[in-house]
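If you want the building blocks of each chain, they are given just below.
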Amino acid sequence: MKPTDTKDPDYFHKVVDCQWACPAHTDVPEYIRMIAQGRFSDAYMVNRESNVFPGILGRVCDRPCEPACRRGRVDEKPVAICRLKRVAADHRDDIKDRLPKIPARKNGKRVALIGAGCASLTVANDLLPLGYEVTIFEALGETGGLMRTNIPRFRLPPRVLDEEINMIVDMGVDLRLNSPVKSMKALLGEGYDAIFVGTGAPKGGDVNIPGRHDDPEHVHIGIQWLESVAFKHIDNIGERVLIIGAGNTAMDCCRTSLRIGGKDVRVMARKPRHLLKASDWELEDAEEEQVELMLNHSPEKFIIENGRLVGMEFARVEWYEGEDGRLKSKTLELVTLPCDDVVLAVGQENAFPYIEDDCGIEFDRWNVPTVDPVTYQSTRPGVFFGGDSAFGPKNIIWAVEHGHQAAISMHKYCQQESLTQRLPYGLNLASTKMGIHEWSYSNDFNPATRRLMPHVDLKSRFKNIDIEVELGFTPEQTLDEVERCLNCDVQTVFTAKLCIECDACIDICPVDCLTIARNGSEEDLRSRLSAPTLNPEQALFVSEDLPQTRRVMVKDEDLCVHCGLCAERCPTAAWDMQKSTLKVPYASDEAEPGRDMKRSA
């Protein structure tokens, strides 16, 4: 194998599994260390640079970082990354003086953003400091988009939404509430230099089975129903409620039902549990509240008597793998369940009734716009999409990342620069050595198990739909959880010319991730490692030839727990523990004078 190029930013980035998995590439280990030091405001600002909404996402993020967390390979439960993000938000000081400064003199460019949700707000956050005049058109009377209308208040309090959204709006957004865009052609005619569409996926999925439209008063579309509850247009539901679907929206629907009159609430899922779209923690929260999860039940028809919904018929199915390798089902029996109301939570779709067919924006057969996956520009130059509007329903953190990338493209478009020539990621490495056996991070392995989030007790939480169920960690409760982080961003950096092949590092390594061996193909090297390869998807580090024997030092990055013992034991300092910092470019970096020279330096 060739020597590993550790100057490639993606190499060490990929080793930091949590940051690699986060769409916005938040520097997770860095903000956890700051929390451990009581630096809550600093941790909040590290978060805000990439994810913009730490308080919001610390409550409702879909947490792609946690399944990737290396701690989960050590004792099965990952670090509570998402909830630690909330710790930084809950315990920070006033950080208004640390927000981006907005120039009094504008740059002469005007941009329009459709929708005041997370993607559009991210674009505004990135472009306002560059002198852009930003106008947001919002159809509703409040900001937040689906964050406000589809996430119940008992999970995401309005005060948290308002505080973090207003940080951006108060930078100077021309916010136009109750102002739906009714014609894209008309908006294009208003002379904006660029337009961003961030309206989410506002159309709820439906089912086409007998009886669907025979009692519309008691059959609800999930996301519209949640919106009606959020704005207090609906404040009650029948005692027996069936939720059709088993994604995260379904979990919000069933838990909301319990708070406005539901007594017997069941989630009807077509698939077995391991194939459900809902996050594990969302399922667990619903089951804690005594929601019954009925698996392998496919809806067949609504049962209507005298014009009133009284029940639903389901096919109880069994799943098996067909000859073509696809999952198929067969019906075992038909089951009838009584109900007073049904909420359909079977997906979301894009909807762009205001975009005319002849304005140059192309859509595919699923009504999804044709969007460049790098630049986020549509087939109409100067019109960009992001969030669920761009590629269909995902989650908030993806929408935030789309906003960052779209802001770069919009800036480049307005400045008549190439949209595809973008700054690359950069990488900084800095030694954490403070003494012979001292490091500037806590490198002891803490055997503590994952801390459970304290909740409002079951008896109290249903008294008011606005009662936030999760209480958050206190600083004292946080202490053990931050120590569970393995500091995967503090890398074991190796200098081959200093190695004397004494094997001290190999002897001391607690997980046998190091091997000195003759070189060979990757398959050959993996067969001769000190410990078996558990995850071949993660790279091996392979050094240059060692000066004594021309063998190579090999490290299985998947096994390493970044304890630093190899560097402590090494008599020649061939090993060092160095903090790797991924430098993610934003619109502000693209606009910085002399950026090309600075980046190359």
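In what follows, the accompanying structure is described.

Calculation notes
- Residues numbered from 1 in each chain as written.
- Predicted model: local features only at pLDDT ≥ 70, side-chain atom pairs only at ≥ 80, totals over all residues.
- Heavy atoms only, no water.
- Pairing = 2+ DSSP bridges.
- Helix = DSSP H or I, 4+ residues; strand = E, 2+ residues; numbered from the N terminus.
- Axes fitted to C-alpha atoms, helices over the stretch in contact; angles between N-to-C directions.
- Contact = heavy atoms within 4.5 Å.
- Buried < 20%, exposed > 50% of the residue type's maximum accessible area, 1.4 Å probe, protein only.
- Disulfide = S-S within 2.5 Å.
- Core = buried A, V, L, I, M, F, W, Y, C linked by side-chain atoms within 4.5 Å.
- Phe/Tyr/Trp six-rings, centres within 6.5 Å; stacked < 30°, edge-to-face > 60°.
- Lys NZ or Arg CZ within 6 Å of the ring centre and 35° of its normal.

1. Remarks on the sheet that holds strand E15 (residues 383-385)
Pairing is parallel across the open sheet formed by 5 strands, whose spatial order is E3-E2-E1-E4-E15. At either margin of the open sheet sits one strand with a lone partner, and together these are strand E3 (174-176) and E15. Strand-to-strand twist across the sheet, computed as the mean angle between neighbouring axes with direction ignored, equals 20°. Sitting on the sheet, helix H17 (residues 396-414) touches strand E1 (110-114), strand E4 (194-197) and E15, and the angle it makes with E4 is about 165°.

2. Things to note about the environment of Gly 307
Considering the arrangement of structural elements, one finds Gly 307 in the loop between strand E10 (297-305) and strand E11 (308-321). The exposure class of Gly 307 is partly exposed, given its relative accessible area of 47%. Spatially, the C-alpha atoms of Gly 307 and Gly 117 are 39 Å apart, while their sequence positions differ by 190 residues. Sequence-distant contacts of Gly 307, that is, excluding residues within four places in its chain, are made with Asp 214 and Asp 215.

3. Things to note about the state of the cysteines
Going through the model one piece at a time under the given rule, you end up with 0 disulfides. Distance from the sulfur of Cys 82, which forms no disulfide, to the nearest cysteine sulfur (Cys 61) is 5.4 Å. Looking at Cys 82, the relative accessible area reads 2%, which means it is buried. Cys 566 carries a free sulfur, and the closest cysteine sulfur to it, the one in Cys 563, is 6.4 Å from it. By relative accessible area, Cys 566 is classed as buried at 9%.

4. So, the nonpolar core
Formed by 66 residues in total, the largest nonpolar core has its most connected members in Leu 127 and Met 184. With 9 residues, H17 is the largest single contributor of residues to this core.

5. Notes on the pairing of E4
Going residue by residue along E4, you find Ala 194 and Phe 196 tucked away on one face and Ile 195 and Val 197 tucked away on the opposite face as well. As paired elements, E1 and E4 share 4 bridges and run parallel to each other. Bridge assignment links Ile 114 to a residue of E4, and that residue is Val 197.

6. Comments concerning the packing of aromatic side chains
Within this structure, the stated rule accounts for 9 aromatic pairs. Both rings, one in Phe 352 and one in Phe 385, keep their centres 5.7 Å apart while their planes meet at 85°; by these two values the pair is edge-to-face. Here Phe 352, found in the loop between strand E14 (348-349) and E15, pairs with Phe 385, found in strand E15; they are 33 residues apart in sequence, far enough to count as distant. Like Phe 385, Phe 352 is buried. By way of ring pairs, the aromatic residues Phe 352, Tyr 354, Phe 363 and Phe 385 are connected into one cluster. Of note, Arg 63 hangs over the ring of Trp 281, and the distance from its end group to the ring centre comes to 4.0 Å.

7. A look at unusual backbone geometry
When glycine is set aside, most residues are seen to have a negative phi, and most peptide bonds are trans. Phi is positive for His 25, which is not a glycine, with a value near 60°. Mapped onto the elements of the fold, His 25 is located in the loop between helix H2 (17-21) and helix H3 (28-36). Using a relative accessible area of 15% as the deciding quantity, one classes His 25 as buried. Positioned with a positive phi, Asn 296 is a non-glycine residue whose angle comes to about 60°. Residue placement: Asn 296 occurs in the loop between strand E9 (292-294) and E10.

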